[in-house]
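# Overview (structure and organization)
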Amino acid sequence: VLRELNSACVVVSRDLKILHANKMARKHFGQTARPTGEMEFTDLPSALGAKVYQVLRTGAGLAPFKYEPEGTPGSIFNVTVTPFRRQDAGLPGSVLLVLDDLTQSEQLRRLEIEAANLRMVKTMADRIAHEVGNAMVPLSTHQQLLAEKYRDPEFRASLDNALAEGVKRVNRLLNQMRFLARDALVTHEPIPLSSLIEEAYQEARKYQPAKAGQLKYENGGKPVFVTGDRAALKHALTEVMINALQANPADPKVGVRLETDPNGAAEAGLSIEVQDNGGGFSPEAMLKGVAPFYTTRNVGLGLGLTVTRKIIETHHGKLELVQAPAGHSGIVRISLPLDSASAEV
């Protein structure tokens, strides 16, 4: 059976003699210069020989592991080392070493990842070009009329508004790219959550055309502090609140409720629920809401909740879209771990 397998199989006795080596094993490890053509224990790479010796001496099997030969870059094998023992024996009488060649499958997997990354880059480039283009159109139009109409107060007011809108959209885009690229916290400080939520709400209001807006904040009657990167957490909350405000543009309202769960521990875990007053998440939004580039609007990249999830996960937390009955308001829940939040007594 071992002789016919496509995997390299070697059976080694307790005295380190090769009891069997199939064709694939001799191909990978055998010394072609040896007259007999048979394998010896010393033909095995030292990394594999050490594992075989360890199992023979301890009797304990090893979890499968990856092995990359030094002399053949790009080759990779999955290795298992299995002890053979009789029922009444304490230590194994021999060991079976099996190597499965994963080189081709790993190359295919890497090509698939590269192709997926290229598709992602293509989509991102297309969305960024579209978003920056939208921001540039009014700026370009005003620039062409600048020399002719600069003395017109109405034109200057329109130019000021176009500049403000363009800068706002590009800054949001830059912040999304910046936080997507980060894998660690830049700062780590205690932050009063009430002021952070207020700042995030006021920032989100800048992206909401309607003048009206209302924030209802429930903190359970006591100040709550979070520990982390202030700028990152503010951006995460801002993105969630932008979505909440846009859920009902005619009458935008945002409710924020905090809950600290003892969980039987000395410290409290923190849950931040942000609720809008729209019609709730569609089944598609529940599935794709935090996926990159998913959006139901004609503006923006569709990266808001993706960036939020990245920031929250960098803080070892969790982002969830809460399932609600059809027609009910949508809720986004942010959970932070026990060591990232504390309540002031």
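Here the structure is shown first, and the text comes after it.
A few points on the structure. Quick caveat: nothing in here was measured; it's all calculated off a predicted structure.

### Overview of the overall build of the chain
Check the secondary structure of the chain and you find eight helices and 13 strands. Here the chain holds 345 residues, and the buried ones make up 35% of them. For the chain, the proportion of contacts with a sequence separation of at least 24, taken over those separated by at least 6, is 61%. Element-wise, carbon and sulfur atoms account for 54% of the exposed surface of the chain, whose accessible area totals about 19900 Å².

### Topic: the pattern of salt bridges
If you walk through the whole model with that rule in mind, you get 15 salt bridges. When the shortest N-O distance is used, the salt bridge between Lys 206 and Glu 203 registers 3.1 Å. On the basis of relative accessibility, which here comes to 49%, the residue Lys 206 falls in the partly exposed class. Glu 320 serves as the salt-bridge partner of Arg 333, at 3.7 Å between the closest nitrogen and oxygen. Separated by 13 residues along the polypeptide, Arg 333 in strand β12 (residues 331-336) and Glu 320 in strand β11 (residues 318-322) bring together distant segments of the chain. It is possible to trace a salt-bridge network through shared partners that takes in Arg 257, Glu 259, Glu 273, Lys 318, Glu 320 and Arg 333.

### Considerations on unusual backbone geometry
In this structure, Leu 16 is a non-glycine residue whose phi angle is positive, near 65 degrees. Looking at Leu 16, the relative accessible area reads 26%, which means it is partly exposed. Here the phi dihedral of His 316 falls at roughly 60 degrees; this positive angle occurs in a residue that is not glycine. Looking at where His 316 falls in the secondary structure, it is placed in the loop between α8 (304-314) and β11.

### A look at the sheet that holds strand β1 (residues 8-13)
In a beta sheet, neighbouring strands are held together by backbone hydrogen bonds and run either parallel or antiparallel to one another. The five strands lie next to each other as β2-β1-β5-β4-β3, forming an open sheet whose pairing is antiparallel. Both outer strands of the open sheet, β2 (18-21) and β3 (65-67), are each paired with one neighbouring strand and no more. Put simply, the sheet's adjacent strands are angled 25 degrees from each other on average, direction ignored. The pairing of strand β4 (residues 77-84) with strand β5 (residues 94-101) spans eight bridges and is antiparallel. The partner of Thr 80 across the bridge, within β5, is Val 98. Strand contacts of helix α2 (residues 46-58): β1, β3, β4 and β5, with the helix running at about 145 degrees to β5, the strand carrying the most contacts.

### Some points on the packing of helix α3 (residues 103-149) against helix α4 (residues 153-181)
In the contact formed by α3 and α4, the axes pass within 10 Å of each other and the chain directions differ by 160 degrees. Accordingly, the angle class assigned to the pair α3 and α4 is roughly antiparallel. α3 and α4 meet at a crossing whose hand is left-handed. Here α3 contributes Met 124, Ile 128, Glu 131, Val 132, Asn 134, Ala 135, Pro 138, Leu 139, His 142, Leu 145, Leu 146 and Lys 149 to the contact with α4, which in turn contributes Phe 155, Ser 158, Leu 159, Ala 162, Leu 163, Gly 166, Arg 169, Val 170, Leu 173 and Met 177.

### Re helix α5 (residues 193-205)
Quick reminder: α-helices carry 3.6 residues per turn. Residues three or four places apart thus point the same way. The first and last C-alpha atoms of α5 sit 18 Å apart over 13 residues, in line with the 18 Å expected at 1.5 Å per residue. When α5 is considered as a whole, its buried residues turn out to be Leu 193, Leu 196, Ile 197, Ala 200, Tyr 201 and Ala 204. An end-on view of α5 places all buried positions within 135 degrees of arc, on one side of the element.

### Focus on the environment of Phe 179
Here Phe 179 lies in helix α4. Classification of Phe 179 as buried rests on a relative accessible area of 6%. Taking the C-alpha atoms as reference, Phe 179 lies 7.7 Å from Lys 310; in sequence the two are 131 residues apart. Contacts of Phe 179, omitting those with residues within four sequence positions, involve Ala 231, Ala 232, His 235, Val 307, Lys 310 and Ile 311.

Conventions we followed
Residues numbered from 1 in each chain as written. Predicted model: local features only at pLDDT ≥ 70, side-chain atom pairs only at ≥ 80, totals over all residues. Heavy atoms only, no water. Helix = DSSP H or I, 4+ residues; strand = E, 2+ residues; numbered from the N terminus. Buried < 20%, exposed > 50% of the residue type's maximum accessible area, 1.4 Å probe, protein only. Contact = heavy atoms within 4.5 Å. Areas by Shrake-Rupley, 256 points an atom, 1.4 Å probe, with all protein chains shown as cover. Salt bridge = Lys/Arg side-chain N within 4 Å of Asp/Glu carboxyl O. Pairing = 2+ DSSP bridges. Axes fitted to C-alpha atoms, helices over the stretch in contact; angles between N-to-C directions. Parallel < 35°, antiparallel > 145°, perpendicular 65-115°, else oblique. Left-handed = near helix turned anticlockwise from the far one by under 90°. Expected span 1.5 Å × (residues − 1). Arc of directions from axis to C-beta.

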